[in-house]
Structures are given as structure tokens and as C-alpha cells.
Amino acid sequence: MTTVPLSAKSTGKGTRRLCRINKFGFPCSKPRASYTHGWNTGDIAFGKGLTGRVVVQSSTRLEIRVDGKRIRAKLSEFKKLHMKDSYSYG
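Residues numbered from 1 in each chain as written. Predicted model: local features only at pLDDT ≥ 70, side-chain atom pairs only at ≥ 80, totals over all residues. Heavy atoms only, no water.

**Some remarks on the overall build of the protein**
Now for step 1: Scanning the protein from terminus to terminus reveals zero helices and seven strands.
Now for step 2: For 90 residues, the compact-globule estimate of 2.2 N^0.38 gives 12 Å, and the protein exceeds it by more than 25% at 16 Å.
Now for step 3: When burial is assessed residue by residue, the protein has 19% of its 90 residues classed as buried.
Now for step 4: Nonlocal contacts in the protein, meaning residues at least 24 apart in sequence, comprise 37% of its contacts between residues at least 6 apart.
Now for step 5: By element, 54% of the accessible surface of the protein is carried by carbon and sulfur atoms, the whole surface being about 7400 Å².
Now for step 6: Between the centroid of the 19 positive side chains of the protein and the centroid of its 5 negative side chains there is a distance of 9 Å. (Helix = DSSP H or I, 4+ residues; strand = E, 2+ residues; numbered from the N terminus. Rg over C-alpha atoms; globule rule 2.2 N^0.38 Å. Buried < 20%, exposed > 50% of the residue type's maximum accessible area, 1.4 Å probe, protein only. Contact = heavy atoms within 4.5 Å. Areas by Shrake-Rupley, 256 points an atom, 1.4 Å probe, with all protein chains shown as cover. Lys, Arg positive; Asp, Glu negative; His and termini not counted. Charge placed at Lys NZ, Arg CZ, Asp CG, Glu CD.)

Put into C-alpha cells, the structure is as follows:
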């Protein structure tokens, strides 16, 4: 049993928008890329001695952001600790 309560902040799940549109309602960017490797932006991962929030860069590369630092590496160098669930824990 823990004596310190866990603080949770709601962060939302993002947006359903597929691409940006101009003032006339026409698409002005490429459609959003989707990857099937199982990682999502917002997951918590451990890699290269640090634990932080994941940002998906491509189908083979991820980036962890911790205290303003960016650590980029391959998928195989990270271990997923927690999947994104719309909350930020502190």
C-alpha cells in the first residue's frame, strides 16, 4: 500500500484530422503517416539509460524526450514501459 497519492493530468488523445486544410477547405499537406510497429507518440519508454515520452519519427526510428533533450535511436533499442492512455502522471 502506498501513502503518497499519484497525481494524474488529463492530456487528451489528440486529433482526428487527417491533414491540414487551407482557408477554402482544401488539403494543403500530405496525409498523416501511420505505422504498424505498435509504438505511438506519448508512450513511456526506457532506452539508452533514460526514461521518457516517445515521439514516433518513422517506421524504424523513435525519439525520447526528457527535460528538453532528444535521444534518437532504433525501435530495438527501446523498451515500452507504459502505453499512452490520455493522462500524464507525476
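**Re the nonpolar core**
Now for step 1: Core analysis: the biggest nonpolar cluster contains nine residues, these being Trp39, Ala45, Val54, Val56, Leu62, Ile64, Val66, Ala73 and Phe78.
Now for step 2: Of all the elements in the fold, those that place two or more residues in this core are β3 (50-56) and β4 (61-66).
Now for step 3: In terms of residue count, β4 provides more of this core than any other element does, three residues in total.
Now for step 4: Setting aside anything within four residues of it in sequence, one finds Val66 in contact with Thr51 and Gly52. (Core = buried A, V, L, I, M, F, W, Y, C linked by side-chain atoms within 4.5 Å.)

**Comments concerning the packing of aromatic side chains**
Now for step 1: Applying the stated criterion to the full structure yields zero aromatic pairs.
Now for step 2: A cation sits over an aromatic face here: Lys80 above Trp39, 5.1 Å from the ring centre. (Phe/Tyr/Trp six-rings, centres within 6.5 Å; stacked < 30°, edge-to-face > 60°. Lys NZ or Arg CZ within 6 Å of the ring centre and 35° of its normal.)

**Let's talk about the side chain of Asp43**
Now for step 1: On the secondary structure map, Asp43 appears in the loop between β1 (8-10) and β2 (44-47).
Now for step 2: On the accessibility criterion, Asp43 (1% relative accessible area) is buried.
Now for step 3: A polar side-chain atom of Asp43 sits 2.8 Å from the main-chain amide nitrogen of Lys84.
Now for step 4: Apart from the residues within four sequence positions on either side, Asp43 is in contact with Gly38, Gly52, Arg53, Val54, Lys80, His82, Met83 and Lys84. (Polar contact = N/O pair within 3.5 Å; in protein donor to acceptor, adjacent residues only side chain to side chain.)

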